[in-house]
Amino acid sequence: WLQILVIALLFFVGYTSLVSITRMEQSNLWVGMAKEAAHQLGTPISSLLGWIHLFRDELSESNQHYSALDEIEKDVDRLKGVAERFGKIGSKPELQSMDIYPILDEAIKYMEARLPKLAQEVAIEKDLQASGLVKLNPELIQWAIENLMKNAMDALVLDKEEGSARIAIRSLVHHNQLIIEVEDSGLGMDAKTQKKVFSPGFSTKKRGWGLGLNLTRRIVEEYHSGTIEVFRSEVGKGTTMRIYLNMA
């Protein structure tokens, strides 16, 4: 019995070590891909900004195309911000004591303009009650919220009774923790899917890469010492995701 116990223990240690190494390799692979993507995007983004400034010098403000340059520059700046986000993956981000409200509000406004066109209007409900300072990196936290909202949008189905699809974003403080909720009236998930939803490479979408929620968990847990979970989900009724961050 002692020999069997020792052999079982060795198998257990070997298995857990293999799983740990595999996860570490996967994590390093995603980090390497993110940093390489940020590096590759840097040159064309700088070039685009240079062309914009060149065209702006060539055109007069009365020209009908002049205002279009402002919109193009906004999109290029946004692309630059995305590249910077990818560049921060794998590096320790700088955290600042900040109020969460403006960060959430900006993320919501950005995603509102990109709502899917369904048969009816998509209702966005905001209930941002949280007040107080949280140590965070605003760009990364905003990225995490946008990822959750993007997933909620992808899962949306038309609510036959209400006549519209719905996404709700809430923030509150409970026991010195900031709680951020993103709820949707989408397809929902079964128990098996909920267990895999944060795994790298796992996606329920045909064209999904399975990176969004894994990156979101990394941002919340590794960079901000918080937690993220599937708070509740029911097939056909929707999903609620929760982020917990410690108050400063």
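Refer to the preceding data block for the structure.
Residues numbered from 1 in each chain as written. Predicted model: local features only at pLDDT ≥ 70, side-chain atom pairs only at ≥ 80, totals over all residues. Heavy atoms only, no water.

A. Structural detail: the overall build of the protein chain. When its secondary structure is counted, the protein chain shows six helices and seven strands. In the protein chain, the succession of α and β elements from N to C terminus is α-α-β-α-β-β-α-β-β-α-α-β-β. Projected onto its principal axes, the C-alpha positions of the protein chain cover 90 × 50 × 40 Å. Residues counted as buried form 35% of the 248 residues belonging to the protein chain. Counting contacts in the protein chain only where the partners sit at least 6 residues apart, residues at least 24 apart contribute 72% of the total. Roughly 15,400 Å² of accessible area belongs to the protein chain as shown, and the carbon and sulfur atoms make up 55% of that amount. Mean positive and mean negative side-chain charge positions of the protein chain (29 and 33 charges, respectively) differ by 7 Å. (Helix = DSSP H or I, 4+ residues; strand = E, 2+ residues; numbered from the N terminus. Buried < 20%, exposed > 50% of the residue type's maximum accessible area, 1.4 Å probe, protein only. Contact = heavy atoms within 4.5 Å. Areas by Shrake-Rupley, 256 points an atom, 1.4 Å probe, with all protein chains shown as cover. Lys, Arg positive; Asp, Glu negative; His and termini not counted. Charge placed at Lys NZ, Arg CZ, Asp CG, Glu CD.)

B. Main features of the sheet that holds strand β7 (residues 238-246). With mixed pairing, five strands are arranged side by side in an open sheet as β2-β4-β5-β7-β6. One side of each edge strand has no neighbouring strand; the edge strands of this open sheet are β2 (122-128) and β6 (227-234). Pairwise comparison of adjacent strand axes, ignoring direction, gives a mean angle of 15° for this sheet. Both strand β5 (residues 177-184) and β7 contribute to a ladder of eight bridges, which runs antiparallel. (Pairing = 2+ DSSP bridges. Axes fitted to C-alpha atoms, helices over the stretch in contact; angles between N-to-C directions.)

C. View of the packing of aromatic side chains. All chains considered together, the criterion is met by one aromatic pair. The ring of phenylalanine 231 has arginine 242 sitting right over it, with the charged end atom 3.8 Å from the ring centre. (Phe/Tyr/Trp six-rings, centres within 6.5 Å; stacked < 30°, edge-to-face > 60°. Lys NZ or Arg CZ within 6 Å of the ring centre and 35° of its normal.)

D. Fine view of the pattern of salt bridges. Within this structure, the stated rule accounts for 13 salt bridges. Aspartate 70 is the partner of arginine 56 in a salt bridge, and the nearest nitrogen-oxygen pair spans 2.8 Å. One end of the pair, arginine 56, is in helix α1 (residues 2-58); the other, aspartate 70, is in helix α2 (residues 66-88), and 14 residues separate them in sequence. Owing to a relative accessible area of 16%, arginine 56 belongs among the buried residues under this scheme. A residue is classified by how much of its surface remains accessible, and aspartate 70, at 32% relative accessible area, is partly exposed. A single salt-bridge network, built from bridges that share partners, covers Glu125, Arg166, Arg170, Glu181, Glu183 and Arg242. (Salt bridge = Lys/Arg side-chain N within 4 Å of Asp/Glu carboxyl O.)

E. Expanded view of α2. Its 23 residues place the ends of α2 34 Å apart at the C-alpha level, agreeing with the 33 Å of an ideal helix rising 1.5 Å per residue. Turning to α2, its buried residues are Tyr66, Leu69, Glu73, Val76, Ala83 and Arg85. (Expected span 1.5 Å × (residues − 1).)

F. Molecular detail of the packing of helix α3 (residues 101-112) against helix α4 (residues 138-155). One way to put it is that α3 packs onto α4 with a least axis distance of 9 Å and a crossing angle of 40°. Judged by the inter-axis angle, α3 sits oblique to α4. Considering only the axes of α3 and α4, their crossing is right-handed. Contacts from Ile103, Leu104, Glu106, Ala107, Ile108, Tyr110 and Met111 of α3 reach α4 at Pro138, Ile141, Gln142, Ile145, Glu146, Met149, Lys150 and Met153. Here the residues of the contact of α3 with α4 sort into eleven nonpolar, one polar and three charged. (Parallel < 35°, antiparallel > 145°, perpendicular 65-115°, else oblique. Left-handed = near helix turned anticlockwise from the far one by under 90°. Nonpolar A, V, L, I, M, F, W, Y, C, P; charged D, E, K, R; others polar.)

G. Region of the structure containing the nonpolar core. Judged by nonpolar contacts, the single largest core of 36 residues is most densely connected at Ile100, Ile145, Met149, Leu178, Ile180, Ile243 and Leu245. Of the residues forming this core, the biggest block, six residues, is contributed by α4. Apart from residues no more than four positions distant in its own chain, methionine 149 is found in contact with Ala107, Ile108, Met111, Ile167, Ile169 and Val182. Core analysis: the next-biggest nonpolar cluster, separate from the first, contains eleven residues, Trp30, Ala34, Leu140 and Tyr223 among them. (Core = buried A, V, L, I, M, F, W, Y, C linked by side-chain atoms within 4.5 Å.)

H. Just a nonpolar patch on the surface, in detail. On the surface, a nonpolar cluster with roughly 430 Å² of combined accessible area is contributed by Leu2, Leu5, Val6 and Leu10. Relative to the helices and strands, leucine 10 resides in helix α1. (Patch = residues over 30% accessible without salt bridge, like charges linked within 9 Å, V, L, I, M, F, W, Y side chains within 5 Å.)

I. Structural view of the environment of asparagine 214. Along the chain, asparagine 214 turns up in helix α6 (residues 212-222). Taking the relative accessible area as the measure of exposure, asparagine 214 reaches 11% and is therefore buried. With 13 residues separating them along the chain, asparagine 214 and glycine 201 place their C-alpha atoms 8.3 Å apart. Among all residues touching asparagine 214, those that are not within four sequence positions of it are Trp30, Phe198, Ser199 and Pro200.

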